[in-house]
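Each chain, letter by letter, is given below.
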Amino acid sequence: MPWPSETNRDTEVFGLIDKERERQTTGLQLIASENFTSPDVMEATGSVLTNKYAEGYPQKRYYGGNAVVDEIEALAIERVKKLFGADHANVQPHSGASANMAVYLGLIKPGDTVLGLSLDHGGHLTHGSPVNASGILYNFQSFRVGATDERLDFDQIRDLAIKHKPKLIVAGTTSYPRRLEPQPFRAIADEVGALMMFDIAHIAGLVAGGAHPNPVPYADVVTFTTHKTLRGPRGGCILTTAAHAAAIDKAVFPGSQGGPLEHAVAAKAVAFHEAMQPSFKEYAQQIVKNAAALAEALSKQGFRLVSGGTDTHMMVVDLQPFDAELTGKESQLVLDEAGITLNKNNIPNDPRSPFVTSGVRIGTPSVTTQGMKEPEMALIAEYIATTLRNRNNPAVVAEVRAKVAALCAKFPVYPKRA
Ligand code: DSN
């Protein structure tokens with residue numbers, strides 16, 4: 001039986017995919033949680049492995065025909081253990097949110113107290129937001145960044161830990177631009193008898209490339225996504241000490257997922273291989289250097305950097321000193337017109353709602369993959385500032401759009417199609 005695509009290809013969807021490819025490669029992609037995966041990662045993602053059911057784990061499957069899949073998943077596990085120095089890995093979580101929920105399911109009980117960073121101060125939805133299952137099922141208590149330095153305040157975290165006696169402390173962030181030292185979290189967890197989970201979704205690539213401290217030796221469990229700085233396929237992963245391996249595996253399957261996405265697992269294995277290459281270290285260092293250069297250039301343009309700057313791949317920009325009327329929402333929209341993609345983001349203690357915001361979040365993983373360096377960061381800051389200063393002047397915005405396209409043309413992401 002032929003597939004309909006042999007005689008009547010779905011030009012509608014493939015036309016739209018081409019359009020999206022054009023958008024991604026002719027504009028500046030500055031969303032801190034995105035990246036460009038390699039052609040090899042995409043090939044594995046689009047492979048025949050999408051056809052296979054493989055509930056269970058290597059050598060313990062519920063379906064036949066998994067000899068090859070077992071080899072692929074075992075390879076992914078061995079590679080990621082080596083990359084991060086972990087005792088045990090589960091490569092099946094479909095996403096970071098699935099990974100985090102599996103950890104809660106495996107290590108604590110509904111109603112148990114957990115300590116995590118508040119979403120509006122840089123935490124993640126799955127770190128106890130009241131609208132997320134984490135906040136609905138567990139008693140999350142939140143810490144916040146310090147009022148003056150906008151950095152994690154370990155005295156406050158310790159006080160809250162002593163007061164609330166959490167079963168689990170969640171370290172990790174989605175819009176916090178500073179280094180996350182694992183030792184102080186471990187010390188507090190030990191003092192109050194809590195387990196410690198470190199969510200390194202954003203910084204996994206920096207950790208793998210040696211550009212950020214590795215929390216694996218300190219944490220009971222480490223979770224991450226594979227598609228951000230790590231530059232793999234969309235998906236999640238959990239690393240654990242041997243003591244928690246069985247509980248975590250059980251919580252992923254059968255606890256919270258069914259059939260694993262083995263095409264994604266294969267693509268994760270490819271990404272782990274790529275992250276083990278010496279060039280990935282250079283990549284990770286350059287992401288951080290680019291972020292520092294961009295932060296400095298933006299501050300020269302009159303923006304304020306939350307916490308004064310960045311040590312990582314991202315920065316949160318307070319728009320208020322640049323223009324008190326300008327919101328994150330408006331900035332995101334007009335920058336989109338100029339071919340500059342980023343996201344609106346609350347700044348700590350933001351007077352505006354999360355739908356409007358007084359800030360934007362900017363990251364350098366994608367532009368660094370393209371090969372851009374410090375000189376291009378200065379241009380990007382200039383393009384952002386010019387667009388925002390002239391947001392009511394479509395001609396200037398169009399001029400910036402043309403400059404952005406010209407810059408991107410000098411740094412092609414994927415080989416040109418014939
Ligand atoms: N959506 C991701 C981010 O942008 O940080 C977190 O899951």
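Remember, predicted model here, so these are calculated numbers, not experimental data.

**Some remarks on the overall build of the protein**
At step 1: A tally of helices and strands in the protein yields 16 helices and 15 strands.
At step 2: The globule rule puts the C-alpha radius of gyration for 418 residues at 22 Å, and the 22 Å found for the protein is close to it.
At step 3: The principal-axis extent of the C-alpha atoms belonging to the protein is close to 65 × 60 × 40 Å.
At step 4: Burial analysis of the protein (418 residues in total) assigns 55% to the buried set.
At step 5: Taking as baseline every contact in the protein between residues at least 6 positions apart, the subset at least 24 positions apart corresponds to 72%.
At step 6: With the model as given, the accessible surface of the protein reaches about 18,300 Å², and the carbon-plus-sulfur share is 55%.
At step 7: In the protein, which carries 41 positive and 44 negative side-chain charges, the distance between the mean positions of the two groups comes to 1 Å.

**So, the packing of aromatic side chains**
At step 1: Applying the stated criterion across every chain, the model contains 11 aromatic pairs.
At step 2: Between Phe-154 and Phe-185, the ring centres sit 5.0 Å apart and the planes meet at 80 degrees, which makes this aromatic pair edge-to-face. Of this pair, Phe-154 sits in helix 7 (residues 154–164) while Phe-185 sits in helix 8 (residues 182–192), and the two are 31 residues apart along the sequence.
At step 3: According to the relative accessible area criterion, Phe-185 is buried, its value standing at 1%.
At step 4: Judged by centre distance (4.1 Å) and plane angle (10 degrees), the ring pair of Phe-303 and Phe-322 falls under stacked. Highlighted residues: Phe-303 in the loop between helix 12 (278–300) and strand 11 (304–305) and Phe-322 in the loop between strand 12 (314–318) and helix 13 (328–337), separated in sequence by 19 residues. Of the two residues, Phe-303 and Phe-322, neither departs from the other in class, the shared state being buried.
At step 5: Connected via pairs of aromatic rings, a cluster forms that spans Phe-143, Phe-154, Phe-185 and Phe-198.
At step 6: If you follow Arg-231 out to its NZ or CZ, it ends over the ring of Tyr-283, 4.0 Å from the centre.

**Structural notes on the site of the ligand**
At step 1: Close to the ligand lie Ser-33, His-124, Thr-174, His-202, Lys-228 and Arg-361.
At step 2: One of the side-chain N or O atoms of His-202 is found 2.7 Å from an oxygen atom in the ligand.
At step 3: Taking Arg-361, its side chain carries an N or O atom lying 2.8 Å from an oxygen atom of the ligand.
At step 4: Taking 230 Å² as the accessible area of the ligand by itself, protein coverage stands at 62%.
At step 5: In terms of residue class, the shell around the ligand is made up of no nonpolar, 4 polar and 2 charged.

**Overview of the nonpolar core**
At step 1: Counting residues in hydrophobic clusters, the biggest one holds 49 residues, and the most contacted among them are Phe-84, Phe-224 and Leu-239.
At step 2: In this structure, Leu-239 is in contact with Val-80, Phe-84, Ala-86, His-88, Ala-89, Val-216, Asp-220, Val-221, Val-222 and Phe-224, ignoring residues within four places of it in sequence.
At step 3: Within the second largest apolar cluster, 37 residues are counted, among which are Leu-326, Tyr-383, Leu-407 and Phe-411.

**Quick notes on the environment of Glu-191**
At step 1: Secondary-structure assignment places Glu-191 in helix 8.
At step 2: The partly exposed category is assigned to Glu-191, whose relative accessible area is 44%.
At step 3: Within the local environment of Glu-191, its side chain forms a polar contact with the side chain of Arg-158, the two groups lying 2.6 Å apart.

**Section: unusual backbone geometry**
At step 1: Look at the link from Phe-253 to Pro-254: it is a cis peptide, with omega at 10 degrees.
At step 2: Located in the positive-phi region is Glu-150, a residue other than glycine, with phi close to 55 degrees.
At step 3: Position of Glu-150 relative to the elements: it lies in the loop between strand 6 (139–143) and helix 7.
At step 4: For Ser-307, which is not a glycine, the phi torsion comes out positive at approximately 70 degrees.
At step 5: By secondary structure assignment, the location of Ser-307 is in the loop between strand 11 and strand 12.

**Comments concerning the pattern of salt bridges**
At step 1: Enumeration according to the criterion identifies 17 salt bridges in this entry.
At step 2: The partner of Glu-191 in a salt bridge is Arg-158, with the nearest N and O atoms 2.6 Å apart. A residue pair is termed long-range when its members are at least 10 positions apart, and Glu-191 in helix 8 and Arg-158 in helix 7 qualify at 33 residues.
At step 3: Residue Asp-318 is joined to Arg-304 by a salt bridge in which the shortest nitrogen-to-oxygen separation is 2.9 Å.

**Things to note about the sheet that holds strand 5 (residues 113–117)**
At step 1: Strand order in the open sheet formed by 7 strands is 4-10-9-8-7-5-6, and the pairing between neighbours is mixed. Each having just a single partner strand, strand 4 (88–90) and strand 6 make up the two edges of the open sheet. Averaged over all adjacent pairs, the angle separating strand axes in this sheet is 20 degrees, with direction ignored.
At step 2: Alignment of strand 7 (residues 168–172) against strand 8 (residues 195–199), held across 5 bridges, turns out to be parallel. Following the sheet pairing, Ile-169 is matched in strand 8 by Met-196.
At step 3: Across the sheet, helix 4 (residues 67–84) touches strand 4, strand 9 (221–225) and strand 10 (236–240), and the angle it forms with strand 4 is around 125 degrees.

**A few points about the pairing of strand 12**
At step 1: Of all the 5 residues making up strand 12, 5 are buried; the element is thus mostly covered by neighbouring parts of the structure.
At step 2: By the alternation rule, side chains of strand 12 split into Met-314, Val-316 and Asp-318 and Met-315 and Val-317, which are all buried.
At step 3: Across 2 bridges, the pairing between strand 11 and strand 12 is antiparallel. Residue Arg-304 lies in a different strand from strand 12, and its bridge partner there is Asp-318.
At step 4: When strand 12 meets strand 15 (residues 359–363), the two strands line up antiparallel, connected through 5 bridges. Of the residues in strand 15, the one forming a bridge with Asp-318 is Gly-359.

What counts, and where the lines are drawn
- Residues numbered from 1 in each chain as written.
- Predicted model: local features only at pLDDT ≥ 70, side-chain atom pairs only at ≥ 80, totals over all residues.
- Heavy atoms only, no water.
- Helix = DSSP H or I, 4+ residues; strand = E, 2+ residues; numbered from the N terminus.
- Rg over C-alpha atoms; globule rule 2.2 N^0.38 Å.
- Buried < 20%, exposed > 50% of the residue type's maximum accessible area, 1.4 Å probe, protein only.
- Contact = heavy atoms within 4.5 Å.
- Areas by Shrake-Rupley, 256 points an atom, 1.4 Å probe, with all protein chains shown as cover.
- Lys, Arg positive; Asp, Glu negative; His and termini not counted.
- Charge placed at Lys NZ, Arg CZ, Asp CG, Glu CD.
- Phe/Tyr/Trp six-rings, centres within 6.5 Å; stacked < 30°, edge-to-face > 60°.
- Lys NZ or Arg CZ within 6 Å of the ring centre and 35° of its normal.
- Near = heavy atom within 4 Å.
- Polar contact = N/O pair within 3.5 Å; in protein donor to acceptor, adjacent residues only side chain to side chain.
- Nonpolar A, V, L, I, M, F, W, Y, C, P; charged D, E, K, R; others polar.
- Core = buried A, V, L, I, M, F, W, Y, C linked by side-chain atoms within 4.5 Å.
- Salt bridge = Lys/Arg side-chain N within 4 Å of Asp/Glu carboxyl O.
- Pairing = 2+ DSSP bridges.
- Axes fitted to C-alpha atoms, helices over the stretch in contact; angles between N-to-C directions.

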